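# Examining the three-dimensional arrangement
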Amino acid sequence: ESESESESESESESESESESESESESESESESESESEPEPEPEPEPEPENDINDNSLFAVDDEVSTPTDTQATENIIITPSFSVNPLTSTIWPPVAANNLLDELCELKPVMECDEKGIWRGISDNWQLQTGSSYGSSSEARLSLIKTVKLHMILGQKLSKSRCLLMSESTDNKNWWVWNLIQKNTTIPQFIEQAITTQNIELIAQVFLKISEFFMDFYPLFAKKIPHIPLLLEDISVEDNQPLFSGFITLPDTGLSQTFLYKDKAIVQLYKQLKPLLARLLKTEQIDTAAILNEFPNVPTDHPHSVEILEIFNTLLTGH
């Protein structure tokens, strides 16, 4: 009996050993199989969208670098230096603005910084504006592309004599994105010129046309670019057509202004016209009743014409 018990014990031990050996072999086989399987290649990152006409001009082919220590440090003001290098600067729109390169190269603006950190300058017939600097051309180019897209929202309603310029500072340490706009006759100046003529018919036409333009643009700005204020002094007249001649910048560059579109367009139009007309009509002896009588003779099919006439009746009569 003891012999049979020892035989059964040895048999069970050999069986358990063979089972453990088979398990270890299967584990090693599975490990080798898992090691032999190739890892899936990572999918390439999608290229940034770019719907600008000249894709090659704005192609972003290098990574955006981390801001330099100078940029990241607070309370350090970097004074922009305006310079144009035809070899390294990028200008938009590419065709029209390139014709201005010789003129832009001659600009020597004196820059001033306001309390919001916005840099502005005037040189010859140009107004300039810029915000924060960029530590690399890639960062500046991305900002330029985004700013171009905002300009394209307004399209043909933008003043023609304007451009965007991405250029390196003269010390080759920073990059800047510049807004450049040629000075034009603004709506307040246009109204003043019309009032000076004492021509009642012309005054009535100007009052209605600029009001219609404001009413049409107000909802567009409120919906698409609400960080850009729509002000009468940023509306110019070119070839007898009202166009937006203000600066258009990104909301995150320190250049945006606080302008809440909570008022209806007609209310905001009234608020902006009231001090302007009060000043201009005070210096010129104008028959305001004659202007009101002339309004019905001005052809218009604008959907807000009745509201516009109502606010001019209030502005010109005082009640």
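A short tour of the structure in this document, coming up. Every chain is numbered on its own, with residues counted from 1 as its sequence reads. Note on the predicted model: pLDDT of at least 70 is required for a residue's local features to be given, and 80 or more for side-chain atom pairs to be given and counted; whole-chain, interface and lining totals, by contrast, use all residues. Side-chain numbers come from the whole structure's heavy atoms, not from hydrogens or water.

### Quick notes on the packing of aromatic side chains
- Two rings from Phe, Tyr or Trp (for Trp, the six-membered ring) form a pair when their centres are within 6.5 Å of each other. A pair whose planes differ by under 30 degrees is stacked, one over 60 is edge-to-face, and the rest are tilted. Per the stated rule, a full pass over the model turns up eight aromatic pairs.
- Consider the rings of Trp 176 and Trp 178, whose centres lie 6.5 Å apart with planes at 45°: the pair is tilted. Accessibility classification places Trp 176 together with Trp 178 in one group, the buried group.
- A connected cluster of aromatic rings, assembled from ring pairs, spans Phe 213, Phe 217, Phe 221 and Phe 244. Think of it in three bands: with a 1.4 Å probe and only protein chains considered, a residue is buried below 20% of the maximum accessible area for its type, exposed above 50%, and partly exposed in between.

### Comments concerning helix α8 (residues 265-283)
- Runs of E in the DSSP output that reach at least two residues are strands. Runs of H or I that reach at least four are helices, and both are numbered from the N terminus. Given a helix with a known number of residues, its expected span is that number minus one, times 1.5 Å. A rise of 1.5 Å per residue sets the reference length of α8, with its 19 residues, at 27 Å; its end C-alpha atoms lie 28 Å apart and thus fit the reference within 8%.
- A residue's bend is simply the angle between two axes: one fitted to the seven residues ending at it, one to the seven starting at it. Its maximal kink placed at Leu 273, α8 deviates by approximately 30°, while the proline Pro 275 follows within four residues.
- Taken together, the buried positions of α8 are occupied by Ala 265, Ile 266, Gln 268, Leu 269, Gln 272, Leu 273, Leu 276, Leu 277, Leu 280 and Leu 281.
- Contacts: residue pairs with any heavy atoms within 4.5 Å of one another. On its buried face, α8 is in contact with α6 (187-197), α7 (200-224), α9 (288-294) and α10 (305-317).

### Regarding the pairing of strand β6 (residues 175-182)
- For β6, the tally of buried residues reaches eight of eight residues, placing the bulk of the element in the interior.
- Residues of β6 alternate between two faces, with Trp 175, Val 177, Asn 179 and Ile 181 on one and Trp 176, Trp 178, Leu 180 and Gln 182 on the opposite face, all of them buried.
- Examined bridge by bridge, strand β4 (residues 126-130) and β6 share four bridges and lie antiparallel to one another. Counted as the bridge partner of Gln 127 is Ile 181 from β6.
- Strand pairing is assigned whenever DSSP identifies at least 2 bridges connecting the two strands. Here seven bridges tie strand β5 (residues 162-168) to β6, and the two strands are oriented antiparallel to one another. Bridging across to β6, Leu 164 finds its partner in Asn 179.
- Counting the residues that bridge the hairpin from β5 to β6 gives six residues, and of these Asn 172 lies at a positive phi of roughly 60°.

### Comments concerning the sheet that holds β5
- The six strands lie next to each other as β1-β5-β6-β4-β3-β2, forming an open sheet whose pairing is antiparallel. Edge positions in the sheet fall to β1 (90-92) and β2 (110-113), since each of these pairs with one other strand and no more. Ignoring strand direction, the axes of neighbouring strands in this sheet form an average angle of 20°.
- Examined bridge by bridge, β2 and strand β3 (residues 119-123) share four bridges and lie antiparallel to one another. Its bridge partner being in β3, Glu 112 is matched across the sheet by Arg 120.
- Where helices are involved, their axes are fitted lines through C-alpha atoms of the stretch in contact, as for all axes, and angles between N-to-C directions lie from 0 to 180°. This element, helix α5 (residues 137-154), spans β1, β5 and β6 of the sheet and lies at about 175° to β5.

### What to know about the environment of Ile 286
- Within the element layout of this structure, Ile 286 appears in the loop between α8 and α9.
- By relative accessible area, Ile 286 is classed as buried at 15%.
- Separated by 90 residues in sequence, Ile 286 and Thr 196 place their C-alpha atoms 9.2 Å apart.
- Residues within four places of Ile 286 in sequence aside, it is in contact with Ile 195, Gln 198, Ile 200, Ile 203, Leu 281 and Ile 291.

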